[in-house]
Structure formats: C-alpha cells, structure tokens
Amino acid sequence: MSVVKTELRAAILSARRALPAQQHDADAHALAKHLAGLVVDGQTLCGYVPVGSEPGSSELVDSPHRRGVRVLLPVARHDAGGIPLPLQWGEYRPGELVDARFGLREPAPPWLAAEAVASASMILVPALAVDRAGVRLGRGAGFYDRSLRLAAPGTRMIAVVRDEEILDELPAEPHDVSMTHALTPRRGLIALGAGAEKRAGMTQPT
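Residues numbered from 1 in each chain as written. Predicted model: local features only at pLDDT ≥ 70, side-chain atom pairs only at ≥ 80, totals over all residues. Heavy atoms only, no water.

- The name recorded for the chain in an unreviewed UniProt entry is 5-formyltetrahydrofolate cyclo-ligase, from Mycolicibacterium holsaticum.
- The chain has a UniProt comment under Sequence similarities (unreviewed entry) that states "Belongs to the 5-formyltetrahydrofolate cyclo-ligase family."
- The UniProt entry for the chain carries the following comment under Catalytic activity (unreviewed entry): "(6S)-5-formyl-5,6,7,8-tetrahydrofolate + ATP = (6R)-5,10-methenyltetrahydrofolate + ADP + phosphate". (UniProt positions renumbered as here; feature names shortened; annotations may be inferred.)

And the structure:
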C-alpha cells in the first residue's frame with residue numbers, strides 16, 4: 001500500500017467524519033434524487049447500503065427498489081487463506097438485511113455467484129475518491145477490483161463520492177478497474193475518462 005494512498009485515505013475519512021450530520025443528510029437526499037433520474041424500471045442495479053460517514057443513505061437502494069428495479073447487494077468474503085474473493089450478490093429485500101463484517105449490512109442467503117454482476121446495467125461503487133481519468137481510491141481490501149472485471153461490457157461503473165472527492169489525479173495500479181462515471185450531490189452524474197460516455201454505451205434517460 002503506497003504512502004500516498006494511505007495519507008489520502010486518512011485525510012478523506014477525517015473530512016467525511018467532520019461533515020455535519022445535516023449536510024450529510026442533505027447530500028444523501030441529493031444523491032438519491034440524481035439516481036432516480038438514471039435508473040430504468042426493470043433493469044438490474046448492483047448497489048450497496050452506505051454506512052457511517054459514506055456519502056448517501058439507504059435511499060440509494062430503496063428508491064430504485066420501489067421503482068421495480070432489481071437491486072443486488074454485495075456479500076464480501078475471504079478464502080481459506082484470507083484473500084478477498086470476488087463479491088457474491090444477494091437480492092435486496094427491504095427489512096431483511098443482516099449485520100456483516102466491517103459494519104456492513106448484507107442480504108441473507110441464498111446468494112448469487114460473483115458472475116451475477118454481469119446482469120447489471122449499472123453498478124454503484126463505494127469510493128473515497130475518484131480522479132478525472134476514472135481511477136478509484138477504495139479502502140484497499142480489493143473486493144471490487146476482483147469483482148468489476150466480471151461486469152458486462154458497457155456497464156456504467158459509478159463511484160459515489162462527495163463533490164470535493166473528484167481529484168485531478170490518483171495513483172493507479174495495474175489491477176485497478178476504471179470507473180466510467182462519478183455520482184456527486186451537487187453535480188449529479190459526471191462522465192470520467194476520455195470517451196467515457198461512448199465506452200459505457202450511455203444515453204441519458206428521458
């Protein structure tokens with residue numbers, strides 16, 4: 001783990017924790033509102049339930065679910081040697097999430113195989129920051145980099161961050177999977193990288 005990434009993670013987490021609760025809630029409402037304009041009834045969305053100081057709230061999964069979107073949530077596990085496995089996925093059913101490691105909330109079994117991510121047309125990805133080329137700074141566990149490689153071509157991979165967490169450049173590593181977009185409270189959906197919209201096969205819903 002590079003010193004630069006370690007310092008960036010610490011600084012961003014500190015700033016998130018210092019954000020007033022009222023501002024966090026306002027940002028979460030804005031994120032859910034932006035997402036509502038992007039999802040399409042009947043499609044599959046791979047999402048997650050934000051916890052702690054992460055941007056967003058349960059509305060990032062509740063709102064699409066009410067719209068008839070099939071929402072899959074991640075299940076993080078390690079192999080016998082302690083190596084992170086590609087994420088499994090579970091169907092989101094309100095009121096049926098269970099406590100998991102790392103303070104997360106996840107669906108109860110049965111779970112879908114890691115390859116289920118290929119059914120999603122959009123994936124919301126937790127991030128501490130993302131740069132304009134699509135390089136994502138996560139918490140360093142490696143679950144998402146192992147999982148996003150299984151996504152179908154043209155899938156929108158959307159890092160959910162605060163507006164201040166879109167940076168000019170982040171350290172990149174060979175195993176990184178680039179984000180096609182970021183979703184922020186004030187600016188909504190932002191295309192990342194040269195030709196990101198073409199690469200994601202994206203058209204804005206009407």
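1. Focus: helix α2 (residues 21-36)
Right, so step 1: In this model α2 runs 23 Å from its N-terminal to its C-terminal C-alpha over 16 residues, within 8% of the 22 Å that 1.5 Å per residue would give.
Right, so step 2: Check the buried side of α2 and you find it contacts α3 (59-66), β6 (122-126), β9 (156-160) and β11 (181-184). (Helix = DSSP H or I, 4+ residues; strand = E, 2+ residues; numbered from the N terminus. Expected span 1.5 Å × (residues − 1). Contact = heavy atoms within 4.5 Å.)

2. What to know about the side chain of Glu165
Right, so step 1: Positionally, Glu165 belongs in the loop between β9 and β10 (166-167).
Right, so step 2: Overall, the relative accessible area of 4% leaves Glu165 in the buried class.
Right, so step 3: In terms of polar contacts, Glu165 uses its side chain to reach the side chain of Arg16, at 2.8 Å.
Right, so step 4: Discounting residues that sit within four places of it in the chain, Glu165 has contacts with Ile12, Arg16, Pro55, Leu128, Ala129 and Val130. (Buried < 20%, exposed > 50% of the residue type's maximum accessible area, 1.4 Å probe, protein only. Polar contact = N/O pair within 3.5 Å; in protein donor to acceptor, adjacent residues only side chain to side chain.)

3. Some words on the sheet that holds β10
Right, so step 1: With mixed pairing, three strands are arranged side by side in an open sheet as β8-β7-β10. The two strands at the open ends of the sheet, each matched to only one other strand, are β8 (136-137) and β10.
Right, so step 2: The pairing of strand β7 (residues 129-131) with β10 spans two bridges and is classified as parallel. Looking across to β10, one finds that Val130 is bridged to Ile166. (Pairing = 2+ DSSP bridges.)

4. Describing unusual backbone geometry
Phi is mostly negative for residues that are not glycine, and the peptide bonds are mostly trans.
Right, so step 1: The step from Pro109 to Pro110 runs through a cis peptide bond, and the omega angle for that step is 5°.
Right, so step 2: Here Pro110 shows up in the loop between β5 (105-107) and β6.

5. Section: the packing of α2 against α3
Right, so step 1: Look at α2 against α3: their axes get within 9 Å of each other, and the N-to-C directions meet at 30°. Of the two elements, α2 crosses α3, and the hand of that crossing is right-handed. Contacts between α2 and α3 involve Leu31, Ala32, Leu35 and Ala36 on the former and, on the latter, Glu59, Leu60, Ser63 and Pro64.
Right, so step 2: Looking at side-chain class alone, the contact of α2 with α3 contains six nonpolar, one polar and one charged residues. (Axes fitted to C-alpha atoms, helices over the stretch in contact; angles between N-to-C directions. Left-handed = near helix turned anticlockwise from the far one by under 90°. Nonpolar A, V, L, I, M, F, W, Y, C, P; charged D, E, K, R; others polar.)

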